[in-house]
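Structure assessment
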Amino acid sequence: MNLGSDEATALRLLEAEPGWRATQRSAPPARRHSVKYQSGLFVQIELDDSEAVEAIEVWYPHHGGPQLTLHHLPLFGLTAKEARAQLPREGSPIIEDGNGFIMRGYELGLTVEDGRIAAVLIGVRGYYDFLDDV
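This report concerns the structure included in the present document. (Residues numbered from 1 in each chain as written. Predicted model: local features only at pLDDT ≥ 70, side-chain atom pairs only at ≥ 80, totals over all residues. Heavy atoms only, no water.)

**Description of the overall build of the protein**
The condition is simple: Starting at the N terminus, helices and strands are each numbered in turn, a helix being any DSSP run of H or I of at least four residues and a strand any DSSP run of E of at least two. Radius of gyration: C-alpha atoms only; globule rule: 2.2 Å multiplied by the number of residues to the exponent 0.38.
When helices and strands are tallied, the protein shows two helices and 10 strands. Start at the N end of the protein and walk to the C end: the helices and strands fall as α-β-β-β-β-β-β-α-β-β-β-β. Over its C-alpha atoms the protein spans a radius of gyration of 15 Å, differing by no more than 12% from the 14 Å that the globule rule assigns to 134 residues. The C-alpha extent of the protein, read off along each of the three principal axes, is 35 × 35 × 25 Å.

The following block contains the structure:
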């Protein structure tokens, strides 16, 4: 699935993965779908006004499972300190956001729980533009 995919294509691809067990759609106006897998992996897609995928968020199952990488750096399980030290920063300053941090140049958000990266969100260009007003 890619950012910009239409809703039906995104759901079809997510539900075709082995271990898929449930999908839930949020009530309007949120326009989100949450998909859970037997491994404990949790994926959420957020749709824009045209029903295209504008963000994909993946939560790591606490007992292990698939890994996400950025420039060959495995993200899940890293401590926040390790992630901040090892993530590439060219053109992408790190912004603290309370629950983790955001790398606007990559349109990437990392959620930290118990000091470790627990979720990764990637959005379309401009996804974090709301930070301009903060």
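Next comes the rest of the description.
**Quick notes on the pairing of strand β8 (residues 100-103)**
Selection criterion: Two strands qualify as a pair provided that DSSP identifies no fewer than 2 bridges between them.
Across three bridges, strand β7 (residues 94-96) lies against β8 in antiparallel orientation. By the bridge assignment, I95 is partnered in β8 with I102. Linking β7 to β8, which pair antiparallel, is a turn of three residues; within it G98 sits at a positive phi near 100 degrees. Alignment of β8 against strand β9 (residues 108-113), held across four bridges, turns out to be antiparallel. When the bridges of β9 are listed, M103 appears paired with L108. Hairpin remark: β8 followed by β9, antiparallel, with four residues in the connecting loop; positive phi at E107, about 55 degrees.

**Side note on the sheet that holds strand β2 (residues 32-37)**
Defined as follows: The convention used is that axes are lines fitted to C-alpha atoms, helices contributing only their stretch in contact, and that angles between N-to-C directions extend from 0 to 180 degrees.
Spatially, β1-β2-β3-β4-β10-β9-β8-β7 is the arrangement adopted by the eight strands of the open sheet, whose pairing is antiparallel. Either end of the sheet is taken by a strand with one partner, and the two such strands are β1 (20-25) and β7. Put simply, the sheet's adjacent strands are angled 20 degrees from each other on average, direction ignored. Here five bridges tie strand β4 (residues 53-59) to strand β10 (residues 116-123), and the two strands are oriented antiparallel to one another. Looking at the pairing, I56 lines up with I122 of β10.

**Brief notes about the environment of Q44**
Condition: Exposure categories follow from relative accessible area, calculated using a 1.4 Å probe and restricted to protein chains: below 20% of the type maximum is buried, above 50% is exposed, and the middle band is partly exposed. Two residues form a contact once any of their heavy atoms are found within 4.5 Å.
The residue Q44 is located in strand β3 (residues 42-47) in this model. You can call Q44 buried: its relative accessible area is 17%. Once the C-alpha coordinates of Q44 and V58 are considered, the two residues, 14 residues apart in sequence, prove to be 6.5 Å apart. Contacts of Q44, omitting those with residues within four sequence positions, involve R32, H33, S34, A55, I56 and E57.

**Quick notes on the nonpolar core**
Defined as follows: Nine residue types can take part in a nonpolar core, namely buried Ala, Val, Leu, Ile, Met, Phe, Trp, Tyr and Cys, and a core is a set of them joined through side-chain atoms within 4.5 Å.
Counting residues in hydrophobic clusters, the biggest one holds 27 residues, and the most contacted among them are I45, L87, F101, L110 and I117. Beyond its immediate stretch of four places on either side in the chain, L87 contacts L70, L73, L75, F101, M103 and L110. Within the second largest apolar cluster, six residues are counted, among which are I102, L121, Y127 and Y128.

**Examining the layout of surface pockets**
Gaps left between atoms show up when a probe the size of a water molecule is rolled over them. Condition: Put simply, the grid is 1 Å and covers the protein atoms alone, a cavity is a trapped set of points that fit a 1.4 Å probe, a pocket is an open set with protein on both sides within 12 Å along at least five of seven lines, and lining residues have an atom within 4 Å of a point. Grid points are joined across faces, edges and corners, and a volume is the space filled by probe spheres set on the points. Classification used: nonpolar for Ala, Val, Leu, Ile, Met, Phe, Trp, Tyr, Cys and Pro, charged for Asp, Glu, Lys and Arg, polar for all others including Gly.
Taken as a whole, the largest pocket spans an internal volume of roughly 470 Å³. M1, V43, I56, V58 and L68 are, among the 20 residues lining the largest pocket, the residues nearest its centre. Listed by contribution, the elements that provide at least two residues to the lining of the largest pocket are α1 (7-16), β4, β5 (69-70) and β10. When grouped by side-chain class, the residues that make up the lining of the largest pocket number 17 nonpolar, two polar and one charged. In this structure, the second largest pocket spans a volume of roughly 150 Å³. Along the wall of the second largest pocket there are 13 residues; nearest its centre are E57, D97, T111, L121 and Y128. Taken together, the residues of the lining of the second largest pocket sort by class into seven nonpolar, four polar and two charged.

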